[in-house]
Amino acid sequence: MTVTGARGAGGLPDEDYTDGLDPSAVIPDHSTLHRGSGGRGLFRGRVESRLGDLVFAAAGLTTFLWLMLLGRTETFFYDEWNFIDTRGTSYWYEVLQPHNGHPSMVPYTIYQVLLATVGLHHYWPYRLVLTCLDLVAGYFLYLLLRTRISPLVAAAAAGVLMLLGPAWQDLLWAFQIGFLGSVAGGLVALYFLDRRTRRSDIAATACLVVAVGCSGVALPFLGGFVVELAWRRQWRRLWIPALPFLAFLIWYLAKDRSETKSGLPAIGAAVHYYGQAAVSTVGSLVGGNTDIGTALGIVLVVLAAGAFVAGPRYAGRLLFSVVALLAFWTLTVVARTISLPVASRYLLPGGVFVLLGAAESVALLMRAGAARRWVTRWRPPLRTVGLTVATAMTVLGGAIVYWNAAQMDAGAGFLASWSADVRAGLGAVQLEGGRLSPGFEPMPSLVPQISAGPYLAAVAAYGSPAVTVAQLSTLPEGELQLVDQTMLAGVPFSERLSQTSTVTGSSCGVPAGSGPSSSLIVTFPRSGLEISTVGTSTHLTLAVRGYGDAFVPDGVISVPGRDSAVVIRWPGQWSPGLRWTLQLSPGKHESSQVLTGLRCTPAGYSPGIG
C-alpha cells in the first residue's frame, strides 16, 4: 500500500500535522490502478488520463451548451418568487428565514445580487449560476473518482451526473442552486479532505459552511465526514465537519426556524421509501429504467458488502457514501413525507453518493490480495482488457445521457409552457396596474406566491419578465385567453340597475343559432352598455373576450323589464388592441326567445344627444 502523508509548504511532510495519526488508517492510494508510472499501472496511465480529461471536457462543454439552450425560454418559477417579493423587509431577517425547512442564506443572497444587477428582465444569468454549479460538481466528482477507477469511466460517470435527465429540476430550475450548491460544496470539501494539509482542511471547512448555507442537503455530507474521519481514527480532524454543523445548529435553533411538518414514519413505510428511492436513484443513472435500477441496486449492495469485507481497514470513503446516502433519504422522509422518493430534485444528490460508493467499492476490491496477484501475474493482457472495458463504459455513459435526454426535454418543455403562461398573466397584471387590489392573486394555481402589490413594486425596482403590449399580437390563443381571464379576475365588469332607461328601440342583434346554444354577440363600447327588454325581466349568462378569440365565462346578469335597464361597465385600462366583446346567452331556466326581445345602447346615450 502507498500511503500519502500530509505535506506542508514546499511539499515537505508536515510532521506536526500528521503526528499521532495511524498510517494504516489513512485512505489507501488507489492511483496505481490507472496511473502507473512508466506503464506499471493496470491501465495506461498518461494516455488514459489524458483521454479522461478530453472526455470530461467534451461532457462539460455539452452540458453548458445544452442546459443554457434548453432553458432559453424560461422565467422565474414558483418558489423563486419568495426571494423576489421581499422588498420592504430587512435583508438580515429574510436571509435567515428557512425555505421548506432548508437554510437558504447563500441562494437568497445570490438572488438579491442578481436582482440588483440584472433585474427581472432576463432569466439566463440565474440559470448560468446553476449551470456553473453543475459543472463544478461534475468536475470535482471526476477528480474524486479518477483516483479510484479509470479516468475514462470517471469522466463518463461525471458526464451522466451533469446531464442527469430525470433530475431536470436540479439542472434547469435556477432556484435549485440551493441543492446544487450543497452538492458542489460537499464534493469540493471531500477533494480537499484527501489532500490532508492544514490549508486544505481549512478550505474543506469553508466549503462545508457554504454548503450548509445553501440547503439541508449539506447535512448528509457532514454525517459522512464524521463517519469517515472516525473510521480512519483521525479524531483531531473532526473539527472539519463539526464547525459547519455548529453553524447549522445555531441557525436551526434560533427563533424556532424549523419548518419540519412530519414526524418519523412507520418502519414499514420507511423501508418502502428507501426501496423506492434506491430504485429511482440508481435507475436514473442508467437511463431511467427502474427494472435495471432494481437489479443494479442489488448488485451495488453486494459489491459494497464484498468491498467492505475485503478491506475494512480502508473502507472510510465507502462508509462515507453509504452513511451520507442513508442520511439523505432519512432526512427527506422525515422532513418532506414519504410521498417524494422519485421527485426529480432528489435524484441528483442521491446519485452523487451512489457513484462515490460504487467507485470506492471497485477500488477496494481491486486492491484485495487475490485481485492484486492477478494484476501482477497478468498485467499486459489486463491493460488491454482494462482499457477496452473503460472505453465501453465511456460509450455506455454517452448512451445513458442520450436515453435520459427525453426526460430532460420533457422537463424543459414543462418549464417553457409554464413560463409562457406566467409571462402572459403577469402582462395582464401590468396592463391593469394600480387598478388592481394589492392583494389580488392573478394566478393562484400557477404562482400562488405572487400578489399584485408586491409584484408591481418589484417591477418598478427590477424591471419586468412579462410580455409587453407589442408582444400580445404574437401570443398563441391559449395565452391570450389567460390574459383575458387575469384581467377580468382583477378588474371585473360591473353591473348596475338604472331605473330610467335610455335604451332606444334597436335590438342588440340577431341571435346566432337556436335553442339552448343560441347567443347574441355584442361589441362592448368604452362608455359601457345599457341592456333592457321589452318584456319581463330575464337572466342572461355573460361571457367575454378581449385579446383572445374564445369567450371567457363571467357570470350571470339580471336584465330588468321595460322602463328600466341594467348598465354594464368595465373600469379597467383600455390598452392598445383591447376590444371587449360580450356573448349573451339564455340563462339556465330561460328560453332562447328572450334574446329577440333584448334592446341595447351605449351607456349614457339619449336621443338628440348622440
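Residues numbered from 1 in each chain as written. Predicted model: local features only at pLDDT ≥ 70, side-chain atom pairs only at ≥ 80, totals over all residues. Heavy atoms only, no water.

When you go through the protein residue by residue, the secondary structure sums to 20 helices and 8 strands. When each of the 610 residues of the protein is scored for burial, the buried share is 52%. Contacts in the protein between residues far apart in sequence, at least 24 positions, make up 80% of those at least 6 positions apart. Carbon and sulfur atoms form 63% of the exposed surface of the protein, whose accessible area is close to 26,700 Å². (Helix = DSSP H or I, 4+ residues; strand = E, 2+ residues; numbered from the N terminus. Buried < 20%, exposed > 50% of the residue type's maximum accessible area, 1.4 Å probe, protein only. Contact = heavy atoms within 4.5 Å. Areas by Shrake-Rupley, 256 points an atom, 1.4 Å probe, with all protein chains shown as cover.)

Looking at chain direction, strand 4 (residues 538–545) and strand 5 (residues 552–559) are connected through 6 bridges and run antiparallel. Looking at the pairing, Thr-541 lines up with Val-556 of strand 5. Counted along the chain from strand 4 to the antiparallel partner strand 5, the turn is 6 residues long. (Pairing = 2+ DSSP bridges.)

Judged by pairing direction, the sheet is antiparallel, and its 4 strands sit side by side in the order 2-7-4-5 without closing on themselves. With partners counted over all chains shown, the strands left at the sheet margins are strand 2 (520–523) and strand 5, one partner each. Each strand of the sheet is rotated relative to its neighbour by a mean of 30°, with strand direction disregarded. Here 6 bridges tie strand 4 to strand 7 (residues 581–586), and the two strands are oriented antiparallel to one another. Within strand 7, the position partnered with Arg-545 by the bridge is Thr-581. Strand contacts of helix 20 (residues 477–490): strand 4 and strand 5, with the helix running at about 45° to strand 5, the strand carrying the most contacts. (Axes fitted to C-alpha atoms, helices over the stretch in contact; angles between N-to-C directions.)

To continue, consider the environment of Leu-365. Mapped onto the elements, Leu-365 comes out in helix 16 (residues 347–366). Sequence separation between Leu-365 and Phe-308 is 57 residues; the distance between their C-alpha atoms is 8.6 Å.

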